Amino acid sequence: MTEPEPRVREFVRALPADALPAYVYDLTALSAHAAAVRAALPPHVELYYAAKANPEPRILAALAPHTDGFEVASGGELAHVAKAVPGHPLAFGGPGKTPTEIAAALDRGVRRCHVESLHELRTLAHLAAHPPRSAPARARPVGVLLRFNLAVPGELLSSGALAMAGRPAPFGLDPAEAGTAVRMLTDGSCPQLELVGVHAHLASGLAATELAAVAMAVADWTAALGRRYGVTLREVNVGGGMRVDYADPAARFDWAGYGAALARVAHAHPDVLLRVEPGRALTAYCGWYATEVLDVKHSHGEEFAVVRGGTHHLRTPATRGHDQPCAVLPVADWPYPWPRPGTGAGAVTFAGQLCTPKDVLARGVPVGGVRAGDRVAFALAGAYAWNISHHDFLMHPHPTVHFIAEARARA
Ligand SMILES: *Cc1c(COP(=O)(O)O)cnc(C)c1O
């Protein structure tokens with residue numbers, strides 16, 4: 001069980017029944033968390049937010065004051081984020097960029113382009129050299145970071161980490177292509193592009209010490225690449241992937257330890273601008289998926305609570321194979337004349353409304369008791385939650401969306 005903050009608990013209790021299920025985002029908590037993350041990083045390390053984790057406009061707006069920019073990974077995200085937070089610097093990444101998307105990125109004047117292949121680099125160079133007549137003239141070349149699929153030292157990866165690199169993968173350039181890419185950008189053939197550095201988002205779900213070791217390895221590799229080709233690579237984006245522990249929401253990523261380690265990376269590479277681009281670890285904690293128990297059943301020796309909604313709204317536990325942390329908020333009212341379905345203290349599995357055994361939000365949760373009509377708040381639903389879910393499977397209504405934003409206390 002994961003108890004929500006009192007303001008979240010009160011908000012969920014006060015929601016009218018027909019507003020459930022609901023996504024509730026605690027912007028007060030988000031701002032405080034983002035400010036703390038920013039403060040834990042060395043001042044010269046740039047903090048970008050990977051918008052794919054949760055692109056809600058109000059979340060982007062809450063993050064903007066604490067971040068140096070946003071990473072977008074499609075033409076859709078590019079247009080959406082540029083509209084939600086006009087003027088905030090953008091880095092455009094992602095595999096399989098279409099020529100239309102690349103042209104849109106050039107049009108919008110994205111600050112950084114993360115190039116994932118030689119073909120993409122050639123497309124970018126061609127489009128940058130042949131802008132449409134209507135395009136505003138660019139004052140400066142587009143900053144290019146080459147994304148590489150580098151080997152992550154095996155001992156750095158803990159069992160829970162999803163390695164995206166150092167093995168066959170559709171992400172980034174193969175290190176063997178480094179020479180070709182660097183030469184294309186530095187032989188004078190494309191003055192509209194400027195090679196500024198290297199990008200490497202290598203794994204997700206790493207602890208601070210592991211991620212810091214990856215950052216040092218990437219910075220060292222980048223320095224060696226620069227020396228090999230006699231070029232200055234002054235930016236290193238070490239990606240996101242900071243661990244969020246769904247089994248233990250109180251165990252937060254050690255941002256202070258990571259910040260101290262990044263200061264050591266910066267010290268070893270004094271001419272390099274380091275950038276991080278977390279998604280999950282910034283927004284996961286601010287989101288709650290709140291719903292009500294429709295029914296409680298005893299089935300072959302186990303207790304099941306069926307909630308309104310399910311994994312078509314919150315797919316995260318199904319995709320990751322975890323139990324979404326949650327809290328039961330008891331509701332006294334029972335409007336029917338017949339007995340209220342319920343269970344005493346013990347383990348309960350929370351399932352949704354879909355006709356599939358995969359529609360389970362949390363298995364074997366120890367509760368003090370749960371009854372039909374009680375409310376349930378699922379925690380850590382602020383990242384890769386609503387926006388990765390298959391909303392229209394079975395055609396249930398979509399959840400309502402709410403934001404808690406307390407007025408800032410006056411000084
Ligand atoms: C998804 C992604 C991120 C964010 O990853 P998290 O695990 O959410 O921190 C950062 N950079 C790139 C390139 C990504 O694809």
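Residue numbers run consecutively from 1 along every chain, following the written order of its sequence. Side-chain atom pairs in this predicted model are given and counted only at pLDDT of 80 or more, local residue features only at pLDDT of at least 70, and totals for whole chains, interfaces and linings cover all residues. Calculated side-chain values reflect all of the structure's heavy atoms, with hydrogen atoms and water omitted.

Draft legend 1. Here's a closer look at the sheet that holds strand 8 (residues 193-199). Strand pairing is defined by DSSP finding a minimum of two bridges between the two strands. In DSSP terms, a helix is any run of H or I states spanning at least four residues, a strand is any run of E spanning at least two, and both are numbered starting from the N terminus. In spatial order, the strands read 2-3-4-5-6-8-10-11; together these eight strands close into a barrel with parallel pairing. Averaged over all adjacent pairs, the angle separating strand axes in this sheet is 30 degrees, with direction ignored. Both strand 2 (residues 46-50) and strand 3 (residues 69-72) contribute to a ladder of three bridges, which runs parallel. In the strand pairing of strand 3, Tyr48 is matched with Gly69. Interaxial angle, 0 to 180 degrees, is taken between N-to-C directions of lines fitted to C-alpha atoms, where a helix line uses only the stretch in contact.

Draft legend 2. Molecular detail of the packing of helix 8 (residues 208-229) against helix 9 (residues 255-268). For the pair helix 8 and helix 9, interaxial distance at closest approach is 9 Å and the crossing angle is 15 degrees. Between helix 8 and helix 9, the angle falls in the class roughly parallel. In this structure, helix 8 meets helix 9 at a crossing whose hand is right-handed. Here helix 8 contributes Ala208, Leu211, Ala212, Ala215, Met216 and Ala219 to the contact with helix 9, which in turn contributes Tyr258, Ala261, Leu262, Arg264, Val265 and Ala268. Roughly parallel means an angle under 35 degrees; roughly antiparallel, over 145; roughly perpendicular, 65 to 115; everything else is oblique. By convention the crossing between two helices is left-handed if the near helix lies anticlockwise of the far one by an angle smaller than a right angle, and right-handed if it lies clockwise. When checking whether two residues touch, look at their non-hydrogen atoms; a contact exists if any pair is within 4.5 Å.

Draft legend 3. Expanded view of the site of the ligand. Each residue is tested against the molecule or strand, and it is near if at least one of its non-hydrogen atoms lies within 4 Å. The full set close to the ligand counts 14 residues, and Lys52, Gly241, Glu277, Arg280 and Tyr384 are the nearest of them. Contacts described as polar in this section are N or O atom pairs within 3.5 Å, which, within protein, must combine one atom able to donate a hydrogen with one able to accept it, while residues neighboring in sequence count only if both atoms come from side chains. A distance of 2.8 Å is found between an oxygen atom of the ligand and a backbone nitrogen or oxygen belonging to Gly241. At 2.7 Å, a side-chain N or O of Glu277 approaches a nitrogen atom of the ligand. Nonpolar residues are Ala, Val, Leu, Ile, Met, Phe, Trp, Tyr, Cys and Pro. Charged residues are Asp, Glu, Lys and Arg, and all others, Gly as well, are polar. Partitioned by chemical class, the residues of the shell around the ligand number three nonpolar, six polar and five charged.

Draft legend 4. A look at the domain arrangement of the protein chain. Parsing the protein chain into structural domains produces domain 1 (6-23 + 285-410) and domain 2 (55-278). Computed from C-alpha atoms alone, the centre-to-centre distance between domain 1 and domain 2 is 36 Å. In this assembly, domain 1 packs against domain 2 so that about 1,100 Å² is buried in total across both faces, 68% of it on carbon and sulfur atoms. By the criterion of area lost to domain 2, the three top residues of domain 1 are Tyr285, Leu380 and Phe403, representing 55% of everything that side buries. Each reported salt bridge corresponds to a side-chain nitrogen of Lys or Arg within 4 Å of a carboxyl oxygen of Asp or Glu. Where domain 1 packs against domain 2, one counts zero salt bridges. Boundary definitions for the domains trace back to an automatic or database domain assignment. Accessible area that two parts lose when put together, evaluated with a 1.4 Å probe and summed over both, is termed the buried area.

Draft legend 5. Molecular detail of unusual backbone geometry. In this chain, Leu20 is followed by Pro21 through a cis amide linkage whose omega measures -5 degrees. Phi at Tyr384 is positive, roughly 45 degrees, even though this residue is not glycine.

Draft legend 6. Summary view of the packing of aromatic side chains. Any Phe, Tyr or Trp ring, taking Trp's six-membered ring, that has another such ring centre within 6.5 Å forms a pair; planes under 30 degrees apart are called stacked, those over 60 apart edge-to-face, and the others tilted. One pass over the full model with this rule turns up 13 aromatic pairs. Considering the side-chain rings of Tyr49 and Phe70, the 5.9 Å spacing of their centres and the 80 degrees angle between planes classify their relative orientation as edge-to-face. Of the two residues, Tyr49 is situated in strand 2 and Phe70 in strand 3; the sequence distance between them amounts to 21 residues. Judged by its relative accessible area of 0%, Tyr49 falls in the buried class. Classification of residues uses two cut-offs on accessible area relative to the type maximum, computed with a 1.4 Å probe and protein chains only: under 20% is buried, over 50% is exposed, and between them is partly exposed. Residue classification places Phe70 among the buried residues on the basis of a relative accessible area of 0%. Members of the aromatic cluster, connected to one another through ring pairs, are Tyr23, Tyr25, Tyr289, Phe350, Phe378, Trp386 and Phe403. In this scheme, Lys NZ or Arg CZ marks a charge over a ring once it lies within 6 Å of the ring centre and within 35 degrees of the ring normal. Directly above the ring of Tyr48 sits Arg275, whose terminal nitrogen or CZ lies 5.0 Å from the centroid.

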